[in-house]
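Topology and contacts: notes
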Amino acid sequence: MTESASAAVIAERLVAIRSGIAERTSRDVVIVAVTKSQPTSVIDEAVAAGVAVIGENYAQEVRDKADALQRARAHGVEVHFIGQLQTNKVRLVAPLVDVVQSVDRLSLVAELARRAPGIRVCIQVNTSGGLGRGGCEPETVPTLVGAARSAGLVVDGLMTVGPVGGDVVSLRRSFAMVRDLADSLGLSVRSMGMSDDHLIAVEEGSTMVRIGTALVGSRS
Ligand SMILES: *Cc1c(COP(=O)(O)O)cnc(C)c1O
């Protein structure tokens, strides 16, 4: 078993990640600390290290970590749900998060509007053509944004997961597509980039990167 990351280690890595980003853009880029599959204590360590947003992927884990997530929120840290969300798990997840970044279908919009009126969301876009990572087709984004707004949700922006194992050219294409889509819809948040590709994402216009392993270490 490996030791999970301490606040001091996370703080040091935050500095390095921030400076890498600052070399590439003068935009404000929010760093989401992805604590999925990490011990609950990592949430407290990340908060102590000064992260502004915690990201979690799995409904069950959100429930198991509810106390730590609520402590984080009490410190002014936002909690974002970034994983695929089954409609029947909305009731469980919504009270514990500030933003659902992974909205990708009408049924999820409807259930969020019912269980969490006015909640903030991002629409997740599938930019790689790959199956199983979630996200709607790019052509569907305007419809989903409109539906979410009509249902009273607050649409912060768009989210994407770049092509897994993709080369630089396909990563850039994927991130640029989301940037252009967000621009055309007047949406400010472009949540794109993970540990391995966040610098490319920042070069292509990311305003929010979701960093797990590079910040809090490898997952169990
Ligand atoms: C796991 C995950 C991340 C973080 O991945 P790392 O490679 O560990 O940085 C970011 N976004 C989503 C949607 C994820 O599932």
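Okay, so let's go over this structure. (Residues numbered from 1 in each chain as written. Predicted model: local features only at pLDDT ≥ 70, side-chain atom pairs only at ≥ 80, totals over all residues. Heavy atoms only, no water.)

**A look at the site of the ligand**
If you check the shell around the ligand, you find V34, K36, N57, I82, V161, M194, S195, R210, I211, G212, T213 and R219 and nothing else. At 2.7 Å from an oxygen atom of the ligand is found a side-chain nitrogen or oxygen belonging to K36. R219 has a polar side-chain atom sitting 2.8 Å from an oxygen atom of the ligand. For the ligand, the protein covers 92% of the area, taking 390 Å² as the surface of the free molecule. When atom positions are compared with the pocket grids, the ligand is found to occupy the largest pocket. Residues belonging to the shell around the ligand are distributed by class as follows: five nonpolar, four polar and three charged. (Near = heavy atom within 4 Å. Polar contact = N/O pair within 3.5 Å; in protein donor to acceptor, adjacent residues only side chain to side chain. Areas by Shrake-Rupley, 256 points an atom, 1.4 Å probe, with all protein chains shown as cover. 1 Å grid on protein atoms, 1.4 Å probe; cavity = no way out; pocket = protein on both sides within 12 Å on 5 of 7 lines; lining within 4 Å. Sits in = over half its atoms within 2 Å of the grid points. Nonpolar A, V, L, I, M, F, W, Y, C, P; charged D, E, K, R; others polar.)

**Observations regarding the pairing of strand 7 (residues 189-192)**
Consecutive side chains along a regular strand alternate between the two faces of the sheet. Alternating positions in strand 7 separate into two faces, V189 and S191 on one and R190 and M192 on the other, with burial throughout. Where strand 6 (residues 154-160) lies against strand 7, four bridges are found, and the strand directions are parallel. What sits directly across from T160, in strand 7, is M192. Regarding topology, helix 8 (residues 168-185) serves as the crossover connection from strand 6 to the parallel strand 7, and that connection is right-handed. (Buried < 20%, exposed > 50% of the residue type's maximum accessible area, 1.4 Å probe, protein only. Helix = DSSP H or I, 4+ residues; strand = E, 2+ residues; numbered from the N terminus. Pairing = 2+ DSSP bridges. Right-handed = clockwise from strand over helix to strand, strands pointing away.)

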